[in-house]
Amino acid sequence: MTDRSAPHLHVAQSAEAESHHAVDAALSDLGEGEKTWASLSLSDRGRLLERVRDLTVAHGREWVTAASTIKGLDASSPLVGEEWMSGPYAFASAAATLVHTLTALDSGTSPLASATFGSAPGNRTTVQVLPMSIYDSLLLSGFRADVWLNPGVDATAATRNAGLAQLDRSSTNGIGVVLGAGNITSIAPLDTLYELFAHNRVVALKLNPITDPMLPVLTTVLEPLIDVGAVRILTGGPEVGTYLVHHPSVDHVHMTGSSITHDAIVFGPGETGAERKASNDPILTKPMTSELGGVSPTIVLPGKWSPSDIEFQAEHIATQRLHNSGYNCVAAQVVVISSSWPQRDEFLAALRNAFDKAPVRRAYYPGSDSRVSGARTSYPRSEQLSGGRVLIGDIDPGDETALLTTEYFAPVLGVIELPCTGTTFAERAVETANDDFVGTLGVNIIAHPSTIAELGDKFESLLAELRYGTIAVNAWTGLGFLSAAATWGAFPGHTIDDVQSGIGIVHNALLIDGAERTVVRGPFRPAPRSIVNGEWSLSPKPPWFVTNTTAATTGRLLTGFAGKPSWAKLPAIFASALRG
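Residues numbered from 1 in each chain as written. Predicted model: local features only at pLDDT ≥ 70, side-chain atom pairs only at ≥ 80, totals over all residues. Heavy atoms only, no water.

A few points about helix H11 (residues 259-267)
Here is step 1: What H11 keeps buried is the set His262, Asp263, Ile265, Val266 and Phe267. The buried residues of H11 occupy an angular sector of 165 degrees when projected down its axis, which confines them to one face.
Here is step 2: Count one or two residues on from H11 and you reach Gly268, which has phi positive near 100 degrees. (Buried < 20%, exposed > 50% of the residue type's maximum accessible area, 1.4 Å probe, protein only. Helix = DSSP H or I, 4+ residues; strand = E, 2+ residues; numbered from the N terminus. Arc of directions from axis to C-beta.)

Structural notes on the sheet that holds strand S13 (residues 412-418)
Here is step 1: One open sheet accounts for eleven strands, arranged S1-S2-S3-S19-S15-S14-S9-S10-S13-S12-S11; its pairing is mixed. Looking along the sheet, the strands with just one partner apiece sit at the ends: strand S1 (117-120) and strand S11 (383-384).
Here is step 2: Relative to strand S3 (residues 144-149), strand S2 (residues 124-130) runs antiparallel, the two sharing four bridges. Bridge pairing in S3 places Leu130 opposite Ala145.
Here is step 3: Together, strand S9 (296-300), strand S10 (332-338), S13 and strand S14 (442-446) form the strand contacts of helix H13 (residues 307-322), whose direction differs from that of S14 by roughly 175 degrees.
Here is step 4: Each of S11, strand S12 (390-392) and S13 touches helix H15 (residues 368-378); the most contacted strand, S12, lies at about 30 degrees to it. (Pairing = 2+ DSSP bridges. Contact = heavy atoms within 4.5 Å. Axes fitted to C-alpha atoms, helices over the stretch in contact; angles between N-to-C directions.)

Thoughts on the pairing of S10
Moving residue by residue along a regular strand, the side chains alternate between the two faces of the sheet.
Here is step 1: Along S10, seven of the seven residues are buried, which leaves the element largely enclosed by surrounding structure.
Here is step 2: Relative to S10, S9 is paired through four bridges, and the arrangement is parallel. Paired with Pro297 across the two strands is Val334, which belongs to S10.
Here is step 3: Handedness of the crossover joining S9 and S10 through H13: right-handed.
Here is step 4: Summarising the sheet, S10 and S13 pair through five bridges and their orientation is parallel. Note that in S13 the partner of Val334 across the bridge is Gly414. (Right-handed = clockwise from strand over helix to strand, strands pointing away.)

Section: empty space enclosed by the protein
Here is step 1: A full pass over the atoms with the stated rule returns ten cavities of 30 Å³ or more.
Here is step 2: Estimated volume of the largest cavity: approximately 180 Å³.
Here is step 3: Every residue lining the largest cavity is counted, 14 residues in all, and those nearest its centre are His323, Asn328, Trp476, Gly478 and Phe481.
Here is step 4: Elements represented by at least two residues in the lining of the largest cavity include exactly helix H4 (80-106) and helix H20 (478-482).
Here is step 5: Here the lining of the largest cavity is composed, by residue class, of ten nonpolar, four polar and no charged.
Here is step 6: Quantified by volume, the second largest cavity comes out at close to 90 Å³.
Here is step 7: Looking at the second largest cavity, it is lined by 16 residues, and the ones nearest its centre are Phe143, Phe312, Asn474, Pro523 and Pro542. (1 Å grid on protein atoms, 1.4 Å probe; cavity = no way out; pocket = protein on both sides within 12 Å on 5 of 7 lines; lining within 4 Å. Points joined across faces, edges and corners; volume = space filled by probe spheres on them. Nonpolar A, V, L, I, M, F, W, Y, C, P; charged D, E, K, R; others polar.)

Examining the sheet that holds strand S7 (residues 252-256)
Here is step 1: Ordered in space as S6-S5-S4-S7-S8-S17, the six strands form an open sheet in which the pairing is mixed. Pairing within the sheet leaves two strands with one partner each, and these edge strands are strand S6 (231-234) and strand S17 (502-503).
Here is step 2: Judged from the four bridges that link them, strand S4 (residues 175-179) and S7 form a sheet pairing that is parallel. Residue pairing across strands places Val178 opposite His254, the latter belonging to S7.
Here is step 3: Its contacts with the sheet put helix H7 (residues 187-198) on S4, strand S5 (202-206), S6 and S7, and the angle it makes with S5 is roughly 160 degrees.

Here's the deal with the packing of aromatic side chains
Here is step 1: Taken as a whole and judged by the stated rule, the model has 16 aromatic pairs.
Here is step 2: Note on Trp37 and Phe197: the rings are 5.4 Å apart at their centroids and 75 degrees apart in plane angle, and the pair reads as edge-to-face. Taken together, the positions of Trp37 in helix H1 (residues 5-39) and Phe197 in helix H7 put the pair 160 residues apart, joining distant regions of the chain.
Here is step 3: Ring geometry for Phe481 versus Trp488: centroids 5.6 Å apart, planes at 85 degrees, classification edge-to-face. (Phe/Tyr/Trp six-rings, centres within 6.5 Å; stacked < 30°, edge-to-face > 60°.)

Written as structure tokens, this is what we have:
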């Protein structure tokens, strides 16, 4: 009998050997590249980053075309704006801010030398990271982001320690592996920059197979770092990743993905992996950091809202869930409202309408349909809306568990209700978010300015009680992701055997030491209603809203601005934003 499996086995073994050889070669290059990296001055590194920034802008359209192809977006769709803003814009902004940091360090000053410091409850010091310039104040009028430092870390210590590993640039820390995400195309290169500059490690970047079409443009954009041997980019499936992370030349691993994937890497797959996790007996013993998502809540504090307020905030929540079709680690999955809110029915009707009427797109992310189906099975009274979206409401008391503990990573949105109002509701909502939701990456709070004023100091105390890495007030935590100097990651305290939303932070382009979280704040209303009602914000509907009709143009213009800011570029950006 002829053994027909043998040729296929030979091919598979040859492919595996070839992929292992590629990993070995990349790591050998990085071993030599680490020496070059150690020898580069801060100004040398800054010049490399400037070239990376400029290449990102110059090849931004190629980047967005590749991303749009992956996601099945029509080139003429306003949704392409998401790819501009969460792709080349985010990356160019990070590179530019890191150049600022290196320039300050090279001149003998701290990146925080001119920072605005404040205070927060619990003996916390805050650092304003948005706006950082007059340009920020104009382009994101009314928006603000502050990094809250760990309790007891004061402005003096923060200023002294800002710079992290760049304070001793010649002391490098080996080779780090970055396992890239498959959803947002700037995540992998952003994590690469953080390994290089925050930790002074050269980087083997392994792309998620979903984003393999990004390889040509990322190779072009990262060429200055590749050329000096500081970065190598690898592709391949799980077997390549497994070989890579366990390679003896690798000193550290960072990943973005799911906690399931994390645990399979750390403890192994299947029942054996589960047993090893239960006994905290990892097979991967080298240090590992991660950003793993979770179930993100949006808390709606009851107040007296106008019909326009209700419509706008319903669109806001729809965006929080449906940006990138819900394939975001910080997509809002559950809305927490008061069952006693007099405007409850009006708000839910507007939310249903906004969720149903948002632009339809292809379910490109693997497993999306099965996760949607799982949500419908768990909640048979859920509503099937346009584009395969699911809205889960009318939940029986005590039946919220699946919704609060399963990250659907798909266009699924749920609503839970608490039977109280006022301060009691705010307190209960914070307790629910802390104790009942899986994950600590991000939480959103939507509240009328008068409601926040009525709560007074209690409102800030409630923010301090929330155990989340990014908190957004009248904004989406996604803005924290887009803000280069903001920190991004889970709330501190998770462990390798109970990882939840991950361990460690990224982004943080000012290289702040001792960061605990980021708090983002925005206007309750867009301009001009914001101005009429005394909020003094000039921002119209934000360009990241899924209903913004000029998002693609605005995103492209913002990317060009991030590469080379100038007053001459502002009128076109404002004109596009106002039409959105």
